Amino acid sequence: PNLGFGRSTRAKVTMPIPEPQIEVPSGDVKKGAKLFKAKCAQCHTVEKGGNAQQGPPLWGVIGRTAGTYDGFGYSEANKNSGILWSDKHMFEY
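Residues numbered from 1 in each chain as written. Predicted model: local features only at pLDDT ≥ 70, side-chain atom pairs only at ≥ 80, totals over all residues. Heavy atoms only, no water.

Turning our eyes to something else, we now look at the overall build of the chain. In terms of helices and strands, the chain carries three helices and zero strands. Counting from the amino terminus, the chain carries its helices and strands in the arrangement α-α-α. Within the chain, contacts between residues at least 6 apart in sequence are counted, and of these 33% link residues at least 24 apart. Surface summary for the chain: the accessible area is close to 7500 Å², and the carbon and sulfur share equals 57%. (Helix = DSSP H or I, 4+ residues; strand = E, 2+ residues; numbered from the N terminus. Contact = heavy atoms within 4.5 Å. Areas by Shrake-Rupley, 256 points an atom, 1.4 Å probe, with all protein chains shown as cover.)

Given below as structure tokens:
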């Protein structure tokens, strides 16, 4: 309901995005580490208790709903994406 404050007080409901129907190939640890260092490490930490940087920490991301790490300023698109991170969602992302 709108109580006259210019915004609706109704919570926005986000429909979850179904897990992609794909096979995630086996990884290569050395290639993955090199790829992470080149593409991800500038913005993300992976250590338990790591701090948010340009991006949120990735420790424990599998099983976390996108856009929900406390203390990080996500875009509305990310907060409302409906993604529950899994290996399949991460592979597609």
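A complete count under the given rule lists zero disulfides for this structure. Cys 40 carries a free sulfur, and the closest cysteine sulfur to it, the one in Cys 43, is 8.5 Å from it. For Cys 40, a relative accessible area of 25% gives the class partly exposed. (Disulfide = S-S within 2.5 Å. Buried < 20%, exposed > 50% of the residue type's maximum accessible area, 1.4 Å probe, protein only.)

Here the focus is the environment of Gly 55. Locating Gly 55 in the fold gives a position in the loop between helix H1 (29-39) and helix H2 (76-79). Given a relative accessible area of 5%, Gly 55 falls into the buried group. Sequence separation of Gly 55 and Tyr 74 is 19 residues, and the distance between their C-alpha atoms is 8.8 Å. Those residues in contact with Gly 55 that lie beyond four places of it in its chain are Cys 43, His 44 and Phe 72.

The next subject is a nonpolar patch on the surface. A surface patch of nonpolar side chains, about 360 Å² in accessible area, is lined by Ile 62, Met 90 and Tyr 93. Mapped onto the elements of the fold, Ile 62 is located in the loop between H1 and H2. Judged by its relative accessible area of 52%, Ile 62 falls in the exposed class. (Patch = residues over 30% accessible without salt bridge, like charges linked within 9 Å, V, L, I, M, F, W, Y side chains within 5 Å. Salt bridge = Lys/Arg side-chain N within 4 Å of Asp/Glu carboxyl O.)

Read these as spatial facts, not as claims about activity.
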